[in-house]
Amino acid sequence: MKKYLKMNKITYLYILLFIGITSCEDYLEVKPANQRTIETVEDVKGILGGYLKTVVDPGYHLNSTGNPYEYTWYKDTGFLIDGGLLQMFAYYENSFNAKDFSERYIGQRFREPFLKGANWSSIDDHKRIWKNGYLSIGLMNNVINELEIVKKDDGIEVEIIKGEAKIIRAWNALKLLQYFTPFDNNELGIPLNFNAETVATTSGKRRTQEEVFNTIIKELNEVLNYTAETDENYNVFYRKSVIHAILAKTYFYKATGPVKSEDDWEKVIKHSDLAMEGKALAVSGDDLKTMFKNDVTGVNYQNPHTLISFFWSGKTQFSSPSGTDIWGYIDMAYNWGEPYYAGVRLSPEIESLYNDGDIRLGNNVYTYDLVHNEFSKYLQDGYEVRNVYPMFRVADLFLMKAEAYARIGETDEAKLLLDEFKTARNAGTYSEQDVLKEILNERKKEFFIEYDYIWLDMKRNRVSMTRTIQDPSSGGAETQITLASDDYRYAFYIPLEGELDINSNLTQNPNWDNQ
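Heads up: these notes are all about the structure in this document.

What counts, and at which threshold
Residues numbered from 1 in each chain as written. Predicted model: local features only at pLDDT ≥ 70, side-chain atom pairs only at ≥ 80, totals over all residues. Heavy atoms only, no water. Helix = DSSP H or I, 4+ residues; strand = E, 2+ residues; numbered from the N terminus. Buried < 20%, exposed > 50% of the residue type's maximum accessible area, 1.4 Å probe, protein only. Contact = heavy atoms within 4.5 Å. Areas by Shrake-Rupley, 256 points an atom, 1.4 Å probe, with all protein chains shown as cover. Phe/Tyr/Trp six-rings, centres within 6.5 Å; stacked < 30°, edge-to-face > 60°. Lys NZ or Arg CZ within 6 Å of the ring centre and 35° of its normal. Expected span 1.5 Å × (residues − 1). Axes fitted to C-alpha atoms, helices over the stretch in contact; angles between N-to-C directions. Parallel < 35°, antiparallel > 145°, perpendicular 65-115°, else oblique. Left-handed = near helix turned anticlockwise from the far one by under 90°. Nonpolar A, V, L, I, M, F, W, Y, C, P; charged D, E, K, R; others polar. Salt bridge = Lys/Arg side-chain N within 4 Å of Asp/Glu carboxyl O. Core = buried A, V, L, I, M, F, W, Y, C linked by side-chain atoms within 4.5 Å. Polar contact = N/O pair within 3.5 Å; in protein donor to acceptor, adjacent residues only side chain to side chain. Pairing = 2+ DSSP bridges.

### Topic: the overall build of the protein
Counting secondary structure elements, the protein contains 20 helices and 10 strands. Classification of the 515 residues of the protein by burial places 61% in the buried group. Counting contacts in the protein only where the partners sit at least 6 residues apart, residues at least 24 apart contribute 68% of the total. Accessible surface, the protein as shown: approximately 19700 Å² in total, 46% of it carbon and sulfur.

This is how it looks when you write it as structure tokens:
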């Protein structure tokens, strides 16, 4: 962690050599330049602009500089919008029928990642998440530090830069906390430092979860008080709606953990409402498709059903697998430029939850026509859409709000929201007694193989699951593997081998020592 949070001046300036700055108004179009010094607020703005360009176009620096070192630093840094990582989360959750998948495809070239994922032990991906998350925080620390050095006052430009950087590092801190901490152990938080100048003097030991939550919440509330308007030609995450969405997610995860507060659920409701202002639930298949349809590389903030949608490539000719009765598909073996399409049946548990007529079903609707590249959910006219990621979805915020009402005992309000959601999805109405269970079921149906939604729901609700696979190491015999409700694999492996050289205070998560 310390090696990522502290970039020495040589490394930092080397990166800046390839990022450069620009005098153009659109800082997302920053071009590589031989720029070695940081002297003005505009210089700092250009530096962060180079990073933001890679967020909305991950191939930008590789294509522009051809320099693999620089590309490694910036590729999807910290935001985990990456086919391999999203594939990992798809393997980790309980949405697809692992036995069916392993019977049909375990002999293919992706046997190893499937087996690691099926056993919740994708350590290489854990290492990449750790590295990318802390790299991103470290870069934002340096951006803010340089800004403090060169600024003459706290004007609008300073808030635009600082607000963007603070949101990015708060989001990365939340993700690291969610992935690398045992859910019920406050003492085992994560190392965290938001000051680039003090990294060398900090211990690097794990802070408590309470300390990390408080740091994230304080950071985001500070940015909420900024008066600068979003610069649409520059900012990506500096938006009030995004800040409220991250706060809602923070309290949502915190509210059932070891440092929960009485007002956590009320804050989920408050921030979900504020994040959803001007947005709406999709009410048809065509509405849902708009979240996963793209024609050009870029980013869309205007879609009414999501706060941000990232589009990283256009349409690709596609021919679906034939001779199979499997009605849900996912490309579980995607490598860049080399897609291999594998049919996957949903798990019986998830499949049984849908009613006939649900807009998420059928040949023309977003989820269960064909699902490719882990998180793309839309097919039209023989073309698949690749690399589309809707971030901070209205459906998620809406269901978080419904769950919050159920958790605080306001069952009638929770039922009203649940019925509104089910009506929008043509999923019938709710008539049973366990409203919380039904809300969680809607989350399972809505977010099938989409980022980490279901995995984090499993973790915070202490879900136990057993799956059956065919194990090639035992001649294809059926093997049952279990994830306990308090399983150590809910907290990811910490890559100590790279940290202990400079950070002897960091400890591994329980029971990973023999991996």
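### What about the packing of aromatic side chains?
Applying the stated criterion to the full structure yields 18 aromatic pairs. Geometrically, the ring pair formed by Phe 89 and Tyr 179 is tilted, given 5.3 Å between the ring centres and 40° between the ring planes. With Phe 89 in helix 6 (residues 83–92) and Tyr 179 in helix 10 (residues 156–180), this residue pair connects regions lying 90 residues apart in the sequence. Tyr 179 sits in the buried class, given a relative accessible area of 0%. An aromatic cluster is defined as three or more aromatic residues linked by ring pairs; in this entry it consists of Phe 89, Tyr 92, Trp 130, Tyr 134, Tyr 179, Phe 180, Tyr 451, Trp 455, Tyr 490 and Phe 492. Taking the ring centre of Tyr 234 as reference, the NZ or CZ of Lys 45 above it sits at 5.0 Å. Here the guanidinium or amino end of Arg 239 rests over the ring plane of Tyr 301, the centre of that ring lying 3.4 Å away.

### Describing helix 13 (residues 264–276)
Relative to the 18 Å expected for 13 residues at 1.5 Å per residue, helix 13 spans 18 Å between its end C-alpha atoms, a close match to the ideal helical length. For helix 13, the complete set of buried residues consists of Asp 264, Trp 265, Val 268, Ile 269, His 271, Ser 272, Ala 275 and Met 276.

### Quick notes on the packing of helix 11 (residues 209–224) against helix 12 (residues 240–254)
Two elements in contact, helix 11 and helix 12, have axes separated by 10 Å at closest approach and are oriented at 160°. Taken as axis vectors, helix 11 and helix 12 run roughly antiparallel relative to one another. Viewed along their axes, helix 11 and helix 12 form a crossing whose handedness is left-handed. Across the interface between the two elements, Phe 213, Ile 216, Ile 217, Leu 220, Asn 221, Val 223 and Leu 224 from helix 11 touch Lys 240, Ile 243, His 244, Ile 246, Leu 247, Thr 250, Tyr 251, Tyr 253 and Lys 254 from helix 12. Residues of the contact of helix 11 with helix 12, tallied by class, amount to 11 nonpolar, 3 polar and 2 charged.

### Focus on the environment of Ala 404
Within the fold, Ala 404 resides in helix 16 (residues 394–407). The exposure class assigned to Ala 404 is buried, which follows from its relative accessible area of 0%. Placed 135 residues apart in sequence, Ala 404 and Ile 269 show a C-alpha to C-alpha distance of 6.5 Å. The contact partners of Ala 404, leaving out residues within four places of it in the chain, are Trp 265, Val 268 and Ile 269.

### Looking at the pattern of salt bridges
Overall, the coordinates contain 28 salt bridges when judged by the stated rule. Where Lys 166 meets Glu 222, a salt bridge forms, and the shortest distance between an N and an O atom there is 3.4 Å. With Lys 166 in helix 10 and Glu 222 in helix 11, this pair connects stretches of sequence that are 56 residues apart. A residue is classified by how much of its surface remains accessible, and Lys 166, at 7% relative accessible area, is buried. Residue Asp 184 pairs with Arg 462 through a salt bridge whose shortest N-O separation is 2.8 Å. Of this pair, Asp 184 sits in the loop between helix 10 and helix 11 while Arg 462 sits in the loop between helix 19 (453–460) and strand 9 (465–471), placing them 278 residues apart in sequence. Residue classification places Asp 184 among the partly exposed residues on the basis of a relative accessible area of 47%. One network of salt bridges, in which partners are shared, links Lys 249, Asp 396, Glu 403, Arg 407, Arg 443, Asp 457 and Arg 460.

### Comments concerning the nonpolar core
In this structure, Phe 237 and Trp 455 are the most contacted members of the largest nonpolar core, which totals 120 residues. A per-element tally of this core places helix 10 first, with 14 residues.

### Looking at unusual backbone geometry
One non-glycine residue with positive phi stands out, namely Phe 392, at about 60°. Along the chain, the position of Phe 392 falls in strand 8 (residues 388–393). Under the relative-accessibility criterion, Phe 392 is labelled buried at 2%. Despite not being glycine, Asn 511 shows a phi value in the positive range, around 75°. A relative accessible area of 55% means that Asn 511 is categorised as exposed.

### Here we look at the environment of Lys 445
By secondary structure assignment, the location of Lys 445 is in helix 18 (residues 435–446). A polar side-chain atom of Lys 445 sits 3.4 Å from the main-chain carbonyl oxygen of Leu 353.

### Looking at the pairing of strand 2 (residues 306–311)
In terms of residue burial, strand 2 counts as a mostly covered element, since 6 of its 6 residues are buried. With 3 bridges connecting them, strand 1 (residues 298–300) and strand 2 associate as antiparallel partners. In the strand pairing of strand 2, Gly 298 is matched with Phe 311.

### A word on the environment of Thr 466
When you line up the elements, Thr 466 lands in strand 9. Between the alpha carbons of Thr 466 and Asn 94 there is a distance of 9.0 Å; along the sequence they are 372 residues apart. In this structure Thr 466 touches Gln 480, Ile 481 and Thr 482, once residues within four positions along its chain are discounted. Among the polar contacts listed, one links the side chain of Thr 466 to the side chain of Thr 482, at a separation of 2.9 Å.

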